[in-house]
Amino acid sequence: MGKVRMLPASKKLKGKIFCPPDKSLSHRAAMIGALSVGETVVQNFSFCHDTWSTLHCLELLGVKVQALPNQGLVKISSSGKEDLSEPTDILDVDNSGTTLRLIAGITAGVQGLSILTGDQSIRRRPMKRIIDPLRKIGVIIGGRDRDQYAPLYVIGKKPLHAFHHTLEIPSAQVKSCLLFTALWGDGPSFIKEPIVSRNHTENMLKAVGSDIRKQKEVIEVYPGKELKARSFNLPGDVSSAAFLIAAALLVSGSYIIIQNLGLNPTRTGMLDCLQRMGAKIKTFDAREEWGERQGHIAVEHSILNHFEIDREEIPSLIDEIPILSVLATQAHGRSIIRGAGELRVKESDRLHAISENLISLGALVDETKDGLVISGPVRLKGGKVKSYGDHRIAMSMVIAGLIADAPVEVEDIECISISYPNFFQDLQKIGYGNFQIFPDNSLMSPHEQEEV
């Protein structure tokens, strides 16, 4: 398994950069294209490991997919949701929890048997949260170990019963699964969302003509309208940008601009938190397309203060907790994260992974049942840390290596390709290249290092 050796940053970071296309939007654009009549053209599509899984599953459901990675383009051709067919093989999502949970909602209305599975990590992630509500509305669905885990089976039928459901966990994946299922309902369905999670699925469904309304905490879905294909030009992924933002904030003298970034308010909790911490971050040239706010941000090295995050804020920054934890080690005071227990059932137990790694580098971290308490600022020392096979843990520890007093070696970095295949190239673009990558425990040749 590959590893990277990070040396402390020796000069400021600067420049303008585009971050990877938004992964969450890419998943949803492809799936909604499969449900729509006509050709959906998705520009600036995120060609990462997870989204390839989504495209493969859609092909097995009878959708025509034309992927053009060199152009950053995907074309989805479909006759609409009524013409999706029983998959010709097992739907293997590999490491993508988004693919599994959202595709489960789609297959609920596809006549026939669908089997959904994934890699070892996926087969440990909780699935009862989608199985129980789907079963209540008449979907024949089940999973391994008394419906706790994948593999899952779904025997689709239509129409499905309309339903009322209250989300017990603020999960955009569960919500999106139910939104897709509601499209096959025999009447209007109502999903109550006490704590708001990212709303990309609602925005995109509205953009293709679905009758979806929001009344306070309740999302109303009125099925029956034909979904009509359209083009989507996707912004950059704020969850990926978070690592470059953190790098600029931490390395003295740095100033970078990140262009065409998704700024949906349900996803920008980290930016809100950073501004409370005193970070010098400015948003400019903001605009809105098909319900999604996007624009540019400028980030400047800053002296940071401590922060507190409670349960209500977690959905808007849940993916950014690992890198926020790295920032907390350099913030003045005691930072507290609460209500983040969901991080224990991600690609890794992220609370434990970030705690163990930061402690090994000399940080002051207390791990709680549903969060972390981190005191700073603390000078990080060098050492070896683990990715735990988790892309966000791996990238967070890479950024920690920029400010440590000695080299930091991050093991098993292949997982970074799950969401950010060009991560190291982008670090080089803003002026940091002080690293060595060792594939399969052997050092790259100088020529190969130049191409990283």
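Residues numbered from 1 in each chain as written. Predicted model: local features only at pLDDT ≥ 70, side-chain atom pairs only at ≥ 80, totals over all residues. Heavy atoms only, no water.

Undergrad: Help me get a handle on the UniProt feature "binding site: 3-phosphoshikimate" (unreviewed entry) in the protein chain, residues and values and all.
TA: Mapped onto this numbering, the UniProt entry gives "binding site: 3-phosphoshikimate" (unreviewed entry) at Lys 23, Ser 24, Arg 28, Ser 171, Gln 173, Asp 319 and Lys 346. Of the annotated positions named here, the largest pocket is lined by Lys 23, Ser 24, Arg 28, Ser 171, Gln 173, Asp 319 and Lys 346. By the secondary structure assignment, Ser 24 is in helix H1 (residues 23-35). With residues up to four places along the chain from it excluded, the contact list for Ser 24 reads Arg 198, His 200 and Arg 267. With respect to the helices and strands, the residue Ser 171 is situated in the loop between strand S10 (164-166) and helix H6 (172-182). (UniProt positions renumbered as here; feature names shortened; annotations may be inferred. 1 Å grid on protein atoms, 1.4 Å probe; cavity = no way out; pocket = protein on both sides within 12 Å on 5 of 7 lines; lining within 4 Å. Helix = DSSP H or I, 4+ residues; strand = E, 2+ residues; numbered from the N terminus. Contact = heavy atoms within 4.5 Å.)

Undergrad: Report on the UniProt feature "domain: Enolpyruvate transferase" (unreviewed entry) in the protein chain, specifying residues and quantitative values.
TA: In the numbering used here, UniProt assigns the feature "domain: Enolpyruvate transferase" (unreviewed entry) to residues 10-427. Here residues 10-427 runs as 30% helix and 27% strand, with 13 Å between its end C-alpha atoms.

Undergrad: Describe unusual backbone geometry, listing the residues and the values that go with them.
TA: Most peptide bonds take the trans configuration, and most residues that are not glycine carry a negative phi. Geometrically, the link from Lys 158 to Pro 159 is a cis peptide bond, its omega value of 0° lying close to zero. Its location among the elements puts Pro 159 in the loop between strand S9 (149-156) and S10. Here the phi dihedral of Asp 285 falls at roughly 55°; this positive angle occurs in a residue that is not glycine. Within the element layout of this structure, Asp 285 appears in strand S16 (residues 280-289).

Undergrad: I'd love a proper account of empty space enclosed by the protein, names of residues and values included.
TA: Applying the stated rule across the entire model yields one cavity of 30 Å³ or more. Considering only enclosed or pocket space, the largest cavity measures out at about 30 Å³ in volume. Class assignment for the residues of the lining of the largest cavity results in four nonpolar, two polar and two charged. (Points joined across faces, edges and corners; volume = space filled by probe spheres on them. Nonpolar A, V, L, I, M, F, W, Y, C, P; charged D, E, K, R; others polar.)

Undergrad: Lay out the layout of surface pockets with the relevant residues and their values.
TA: Considering only enclosed or pocket space, the largest pocket measures out at about 540 Å³ in volume. Around the largest pocket, the lining is made up of 34 residues, and of these Gln 173, Arg 198, Ile 318, Asp 319 and Lys 346 lie nearest the centre. Secondary structure elements with two or more residues in the lining of the largest pocket: H1, helix H3 (97-107), H6 and helix H12 (391-403). Here the element with the most residues in the lining of the largest pocket is H1; it accounts for four residues. If you count residues domain by domain, the lining of the largest pocket takes at least three from each of domain 1 (3-20 + 235-438) and domain 2 (23-233). In this structure, the second largest pocket encloses a volume near 340 Å³. Forming the walls of the second largest pocket are 18 residues, and the residues nearest its centre are Pro 20, Pro 21, Phe 45, Phe 47 and Asn 422. (Domains from an automatic or database assignment.)

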